[in-house]
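Report on the structure
Chain residues, written in single-letter form:
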Amino acid sequence: ADKETVAKAAVAQVIAESDYASLDAAAADKAAIVFMGHGTAHAANVTYTEMQDKMTALGYANVFVGTVEGEPEGTDAESVLAKVKAAGYTKVILRPLMVVAGDHANNDMADEEDPESWASVFGADLGKANVTCQINGLGELKDVQDLYVAHVKDVLERTETDLELEKLNKVMMTVNKAV
């Protein structure tokens, strides 16, 4: 459910900050949205595949998920570019799939001077004029902030309940010893 919330909020924000009235309008103009996450060799890398699957399940055919580290396999800039082109898109909006848009967003994604940045890789193939970068982290989105707050509340509530149960167990042990 969290992935769906993030997917919807992130795509809606990209559209809100673009020249397009809707995701369908972007697709009609042959524009794709490419989210760039960090990537990891850790088992948690499945999250990026799951996020791509969620985008697809939501009908977001022109939305792609990649990673700076190219983990999981096939999520590096060149692989994502190939998928974008194979699907017939000729323009891209790049945006970080990261809570904070920091070093990776500014350098690995948007630095047009760095030939290995995503902006450069996509721009070399599609033309610089066809690549737009949005430098905003997921943490700026209200729906994502609300998820964090809800999860913190859940943890705090569980912690309080666990502490109450622990106290109750101590009382029960004391009663059992007395009997």
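Located above this text is the structure these notes cover.
Note that the structure is a prediction, hence the values are computed from the model and not measured.

1. What to know about the overall build of the protein
The helix and strand inventory of the protein stands at seven helices and four strands. For the protein, the N- to C-terminal ordering of α and β elements is α-α-β-α-β-α-β-α-α-β-α. Its C-alpha atoms give the protein a radius of gyration of 21 Å, clearly above 16 Å, the size a compact globule of 179 residues would have. By its C-alpha atoms, the protein is 80 × 35 × 25 Å across when sized along the principal axes.

2. A short note on the pairing of strand S3 (residues 91-96)
Counting buried positions along S3 yields five of six residues, so the element is predominantly enclosed. Pairing analysis gives six bridges linking strand S1 (residues 31-37) to S3, with the strands arranged parallel. Pairing of Val 34 across the sheet is with Leu 94, part of S3. Both S3 and strand S4 (residues 131-133) contribute to a ladder of three bridges, which runs parallel. In the strand pairing of S4, Leu 94 is matched with Cys 133.

3. A word on empty space enclosed by the protein
Over the atoms, a rolled probe matching the size of one water molecule traces out where space is still vacant. Summed over all chains, the structure comprises one cavity of 30 Å³ or more. Of the volumes computed, that of the largest cavity is approximately 50 Å³. If you go around the largest cavity, the residues you meet are Glu 112, Ala 119, Ser 120, Lys 128 and Val 131.

4. Let's talk about the sheet that holds S1
Here four strands make up an open sheet; going across it, the order is S2-S1-S3-S4 and the pairing parallel. Edge strands, defined here as strands with exactly one partner in the open sheet, are strand S2 (63-67) and S4. Geometrically, the sheet is characterised by an average inter-axis angle of 25° between neighbouring strands, direction not taken into account.

5. Here we look at helix H6 (residues 118-126)
In terms of residue burial, H6 counts as a mostly covered element, since seven of its nine residues are buried. All of the buried residues in H6 are Trp 118, Ala 119, Ser 120, Val 121, Phe 122, Gly 123 and Leu 126. Contact partners of the buried residues in H6: S1, S2, helix H4 (77-86), S3, helix H5 (103-109) and S4. Backbone geometry just after H6 places Gly 127 at a positive phi near 95°.

6. What to know about the packing of aromatic side chains
Within the structure shown, the criterion is met by two aromatic pairs. Each ring, one from Phe 64 and one from Tyr 89, has its centre 6.1 Å from the other, and the planes form 70°; the classification is edge-to-face. Here Tyr 89 lies in the loop between H4 and S3 and Phe 64 lies in strand S2, a separation of 25 residues in the sequence. A relative accessible area of 11% places Tyr 89 in the buried class. Seen in terms of ring centroids, Trp 118 and Phe 122 are 6.0 Å apart; in terms of plane orientation they differ by 20°. Their pairing is stacked. Here the residue Trp 118 and the residue Phe 122 both occupy positions in helix H6, the gap between them amounting to four residues, near one helical turn. Each member of the pair Trp 118 and Phe 122 is classed as buried.

What counts and how
Residues numbered from 1 in each chain as written. Predicted model: local features only at pLDDT ≥ 70, side-chain atom pairs only at ≥ 80, totals over all residues. Heavy atoms only, no water. Helix = DSSP H or I, 4+ residues; strand = E, 2+ residues; numbered from the N terminus. Rg over C-alpha atoms; globule rule 2.2 N^0.38 Å. Buried < 20%, exposed > 50% of the residue type's maximum accessible area, 1.4 Å probe, protein only. Pairing = 2+ DSSP bridges. 1 Å grid on protein atoms, 1.4 Å probe; cavity = no way out; pocket = protein on both sides within 12 Å on 5 of 7 lines; lining within 4 Å. Points joined across faces, edges and corners; volume = space filled by probe spheres on them. Axes fitted to C-alpha atoms, helices over the stretch in contact; angles between N-to-C directions. Contact = heavy atoms within 4.5 Å. Phe/Tyr/Trp six-rings, centres within 6.5 Å; stacked < 30°, edge-to-face > 60°.

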